[in-house]
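Letter by letter, the chains look like this.
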Amino acid sequence: MLPTFFEKREIVVPGDLLAEGDYIAGENTFKEGKRIYASRVGLVDYVNKKVQVVALRAFYVPRVGDTVIGKIIEVGVSGWIVDINSPYTALLRASDVLERGFNPRKDDLTAIYDVGDMIIAKIAAYDRTQNPLLTVNERGLGKITRGQIVQITPTKIPRVIGRKGSMISVIKKETGCNIVLGQNGLILVSGRSIENERLAVMAIRKIEDEAHTSGLTDRITEMLRKEKEKGVRKDESKTA
Amino acid sequence: MSQKLPEKLINEKGLRLDGRKPDELRPLKLEVGVLSNADGSAYIEQGKTKILAAVYGPKEVHPRHLALPDRAILRCRYHMAPFSVEERKSPAPSRREMELSKVIREALEPSIFLEYYPRTAIDIFVEVLQADGGTRCAGITVASLALADAGIPMRDLVCACAAGKVDGTIVLDLTDVEDKKGEADVPFAMMPNTESVTLLQMDGMLTPEEFEKAFNMAIEGCRKIYSLQKEALKAKYVAIKEAVEE
């Protein structure tokens, strides 16, 4: 095998020489001649012949099919402009929500979504020459009515999900909260009580801070159990 | 000006005013991610020079007509705080600051993959808190770190460092006094991986031989700064990793 210059999961910075020779440049890397360099701060990964970097800090670039959480920032004549925490603002068409022809004289768009409303949506179309187009025409999409929203670095969403969803299921199980992940780094947490939501938010924050370390799922489980115990004890002292 | 200028900038032992050898850098302190409101940030202390850099973006361009259809635009503001120099500097942008903004922007531009994010803008703010020479170079060094911290894809970090001539000797990393009293100053920035120079200016007079010596000295200085830059970028994450994994 040709030389690689880092261990798996080692932290690299832009300009670090990752590999030389017959490799394929994956995400957050670039190739110059036969050499592959990192273009972002992150953890390097060598998968067969592919060299990639899992970024520790990045912004969201829309991809068709992604579920995102966004905020309505403008109500236009025939649709809404949505901030999806990305360099590009997204557009949601009124005809998409109404599922019929739309009459600007009769239909009041603010009655459906108003400025400041948060929505869960899917990216319907996007190429780099035009801003992304959203759709809410699917189960589970649409206006958010309750819960809390946490924002993390978009590249750490896979870490919150965990291997085969292990991390997210731990949080869901321990806190009893429903969690919707937006690929753009926004996460909706809605539970039965604010206390539960607070726990889940705490866990997500911890994952963001320690995303580049190993054994994280175990530490999260431990933390959640400890915090829950503390909460129970507090309740007992209140009733006693 | 109350500042008293010394007679000699280099003593009999060949040492400079602050005790450095001719080819020695000032003590350098770099920190990344110091501001929570910016997308990326960094702080540098190079001797008495102290600079803070913040990066925002990529984001939508305002005003709209500035946007380019095929790449992002890079905007840079170099600014000196009123208290950064001995006599209060007016906070309004001066001719010099506008020029340095342009110079810093052009030194960083080749390092960024601007073509990845068309129709957007990346804003860099370089705020000089205390100036003691070499602010444009330190500004480039710290702005490059802030860009990396913001998660903007880059070909390489840009490091910068000045060389010059003081009392007939070629020296590295000039202070304010050395710059003002010395014979020449050569600010220099590069991307070490590709060995490409992104900034090269000269103020004063040098013979071709002296220039070459200063040029090579600046390259060596940049390489040292480069390794410190990399360390600083990793430090934030390594600290967390060590703390939780023991």
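The structure we're discussing is the one just above.
Residues numbered from 1 in each chain as written. Chains lettered and ligands numbered in written order. Predicted model: local features only at pLDDT ≥ 70, side-chain atom pairs only at ≥ 80, totals over all residues. Heavy atoms only, no water.

## Looking at the overall build of chain A
Move 1: Counting secondary structure elements, chain A contains 6 helices and 16 strands.
Move 2: Its C-alpha atoms put chain A at 65 × 65 × 25 Å along the principal axes.
Move 3: Per-residue burial for chain A yields a buried fraction of 49% across its 240 residues.
Move 4: Of all intrachain contacts in chain A linking residues separated by at least 6 positions in sequence, the fraction that spans at least 24 positions is 57%.
Move 5: For chain A, the accessible area works out to roughly 12300 Å², and carbon and sulfur atoms hold 49% of it.
Move 6: Counting 38 positive and 31 negative side-chain charges, chain A places the centres of these two groups 3 Å from one another. (Helix = DSSP H or I, 4+ residues; strand = E, 2+ residues; numbered from the N terminus. Buried < 20%, exposed > 50% of the residue type's maximum accessible area, 1.4 Å probe, protein only. Contact = heavy atoms within 4.5 Å. Areas by Shrake-Rupley, 256 points an atom, 1.4 Å probe, with all protein chains shown as cover. Lys, Arg positive; Asp, Glu negative; His and termini not counted. Charge placed at Lys NZ, Arg CZ, Asp CG, Glu CD.)

## Points about the sheet that holds strand β15 (residues 178-181) of chain A
All names here are of chain A.
Move 1: Taken in spatial order, the 3 strands line up as β14-β16-β15 in an open sheet, and their pairing is antiparallel. In this open sheet, the two edge strands, each paired with only one partner strand, are β14 (148-151) and β15. When the angles between neighbouring strand axes are averaged without regard to direction, this sheet yields 20°.
Move 2: With 4 bridges joining them, β14 and strand β16 (residues 186-190) adopt antiparallel strand pairing. Looking at β16, one finds that V150 is bridged to I187.
Move 3: Sheet strands touched by helix α5 (residues 194-209): β14 and β16. Its angle to β14, the strand with the most contacts, is close to 10°. (Pairing = 2+ DSSP bridges. Axes fitted to C-alpha atoms, helices over the stretch in contact; angles between N-to-C directions.)

## Let's talk about the packing of helix α4 (residues 166-175) of chain A against α5(A)
To describe two helices that pack against each other, one gives the angle between their axes and the distance between the axes.
Residues and elements named next belong to chain A.
Move 1: Relative to each other, α4 and α5 sit at 155°, their axes nearing to 9 Å. Considered as vectors, α4 and α5 are oriented roughly antiparallel to each other. Like other packed secondary-structure pairs, α4 and α5 cross with a definite hand, here right-handed. Between α4, through M167, I171 and T175, and α5, the contact on the second element is made entirely by N196, L199, A200, A203, I204 and I207. (Parallel < 35°, antiparallel > 145°, perpendicular 65-115°, else oblique. Left-handed = near helix turned anticlockwise from the far one by under 90°.)

## A look at helix α2 (residues 135-149) of chain B
Residues and elements named next belong to chain B.
Move 1: With 15 residues, α2 should reach 21 Å at 1.5 Å per residue; the first-to-last C-alpha distance of 21 Å fits that figure.
Move 2: In terms of burial, α2 is a largely internal element, 14 of the 15 residues being buried.
Move 3: Looking at the residues trailing α2, positive phi occurs at G151, about 80°. (Expected span 1.5 Å × (residues − 1).)

## Considering the packing of aromatic side chains
By convention here, two paired aromatic rings are described through the distance between centres and the angle between planes.
Move 1: If you walk through the whole model with that rule in mind, you get 10 aromatic pairs over all chains.
Move 2: Geometrically, the ring pair formed by B:F113 and B:Y116 is stacked, given 4.8 Å between the ring centres and 15° between the ring planes.
Move 3: Judged by its relative accessible area of 7%, B:F113 falls in the buried class.
Move 4: Geometrically, the ring pair formed by B:F188 and B:F215 is edge-to-face, given 5.2 Å between the ring centres and 80° between the ring planes. Placement of the pair is B:F188 in strand β8 (residues 184-191) and B:F215 in helix α4 (residues 208-245), with a sequence separation of 27 residues.
Move 5: Members of the aromatic cluster, joined through ring pairs, are A:F30, A:Y37, A:F59, B:F113, B:Y116 and B:Y117.
Move 6: Across from the ring centre of A:F59, 5.2 Å away, lies the NZ or CZ of A:R40, which sits over that ring. (Phe/Tyr/Trp six-rings, centres within 6.5 Å; stacked < 30°, edge-to-face > 60°. Lys NZ or Arg CZ within 6 Å of the ring centre and 35° of its normal.)

None of this, on its own, says anything about what the molecule does.
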